[in-house]
Amino acid sequence: ESIPVHENIKLGRGNVDELLEVYCENIRRCAEYGVKCVTYNFMPVFDWTRTQLDKKAADGSTSLVMYWEQMKGLDPLKDDIHLPGWDSSYTQEEVRELITAYGEIGEEDLWKNLEKFLKKVIPVAEECGVKMAIHPDDPPYPIFGLPRIITNEENLDRFLALYDSPANCLCLCTGSLGCAESNDIPAMVKKYAEKDRIAFMHIRNVKIMEDGSFEERAHLSSCGSLDMYEVVKALAEAGYDGYVRPDHGRMIWGETGKPGYGLFDRALGATYINGLFEACEKNLK
């Protein structure tokens, strides 16, 4: 987690064929060292978007949030802005060029470019015994007019149908898909786990606000809008034995470092998830 997909591959322009060959070689080399699962995403420009990285809660912890109120008036085509989650290697001019380019191709051409990527890469993954796991868009709806396509159940079905192979899988991130209230996360986990199309689970919780904004929260079901018990229960009932990790985390107990990746809170999340698995698996007996 992960091998990034070059913007030219997503846009279907320039040296895309050369870049696809390089991507395939990366898979082969990872496989040589025992890597069995590769996570990637097809999000235009930004891997994930938040508006604040240090929102303080009543318990003293801080976390990543996205508030629509803070998005008002922001225009990366006119203003020099940089939000949490954005790739700092891009200059502002490069960001503007990419946003304009994606606006011109739209969703359907992005789907076509993703299909080309899969038809080139998945056969190599099959040969190498590697599962390719696409990460959902985060958040799962358009930001600044950028097309987003890995966003809901309908689109996940469309994605899996582009190249029907056990090597073409999902990295199902509950926090990313769970930012949209319309997504029934336990039902989606159950559906794709039973079809054996989840290669990697990212488990975290979010609190959805009335206006659609959201806050990253502690992993416990009581802390957010998602029912972690039902998520893990769906995995246990499907006999899921793939990769799982607690995803993102608050900054707690005075820890400093990269916001969203606090070691303490993710350790608590791992312990909590392990407990849920034990309870759910014992309930199956």
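Quantities reported herein were computed from a predicted structural model and do not represent experimental measurements.

Caption draft 1: Main features of empty space enclosed by the protein. On inspection of all chains with the given rule, the structure shows one cavity of 30 Å³ or more. Lining the largest cavity are Ser63, Arg204, Asn205, Glu216, Arg217, His219, Asp247, His248, Gly249 and Arg250.

Caption draft 2: Quick look at the layout of surface pockets. As a volume, the largest pocket reaches approximately 630 Å³. Together, 29 residues line the largest pocket, and Ser2, Asn41, Met43, Asp47 and Trp48 are the ones closest to its centre. Among the elements of the structure, helix H1 (7-11) and strand S1 (37-41) are those that each provide at least two residues to the lining of the largest pocket. The biggest single contributor to the lining of the largest pocket is S1, with three residues.

Caption draft 3: Region of interest: the pairing of strand S5 (residues 168-173). Across the six residues of S5, six count as buried, placing the element largely inside the fold. Residues Asn168, Leu170 and Leu172 line one face of S5 and the alternating positions Cys169, Cys171 and Cys173 line the opposite face, and both faces are buried. Across three bridges, strand S4 (residues 131-135) lies against S5 in parallel orientation. The residue bridging Met132 from the neighbouring strand is Asn168, located in S5.

Caption draft 4: Expanded view of the packing of helix H2 (residues 16-32) against helix H4 (residues 92-128). Remark: H2 packs on H4, axes separated minimally by 10 Å, with the N-to-C direction vectors making an angle of 20°. Relative to H4, the element H2 lies roughly parallel. Relative to H4, H2 is oriented so that their crossing is right-handed. Residues Val16, Asp17, Leu20, Glu21, Tyr23, Cys24, Ile27, Arg28 and Ala31 of H2 form the contact with H4, whose participating residues are Lys116, Phe117, Lys120, Val121, Val124, Ala125 and Cys128. Class assignment for the residues of the contact of H2 with H4 results in 11 nonpolar, no polar and five charged.

Caption draft 5: Summary view of the side chain of Arg245. Its place among the elements puts Arg245 in strand S9 (residues 243-246). Residue classification places Arg245 among the buried positions, given a relative accessible area of 18%. Looking at Arg245, its side chain comes within polar contact range of the side chain of Asp247, at 2.9 Å. Apart from residues no more than four positions distant in its own chain, Arg245 is found in contact with Glu1, Phe200, Met201, His202 and Ile203.

Here is what the cut-offs are and how they apply
- Residues numbered from 1 in each chain as written.
- Predicted model: local features only at pLDDT ≥ 70, side-chain atom pairs only at ≥ 80, totals over all residues.
- Heavy atoms only, no water.
- 1 Å grid on protein atoms, 1.4 Å probe; cavity = no way out; pocket = protein on both sides within 12 Å on 5 of 7 lines; lining within 4 Å.
- Points joined across faces, edges and corners; volume = space filled by probe spheres on them.
- Helix = DSSP H or I, 4+ residues; strand = E, 2+ residues; numbered from the N terminus.
- Buried < 20%, exposed > 50% of the residue type's maximum accessible area, 1.4 Å probe, protein only.
- Pairing = 2+ DSSP bridges.
- Axes fitted to C-alpha atoms, helices over the stretch in contact; angles between N-to-C directions.
- Parallel < 35°, antiparallel > 145°, perpendicular 65-115°, else oblique.
- Left-handed = near helix turned anticlockwise from the far one by under 90°.
- Contact = heavy atoms within 4.5 Å.
- Nonpolar A, V, L, I, M, F, W, Y, C, P; charged D, E, K, R; others polar.
- Polar contact = N/O pair within 3.5 Å; in protein donor to acceptor, adjacent residues only side chain to side chain.

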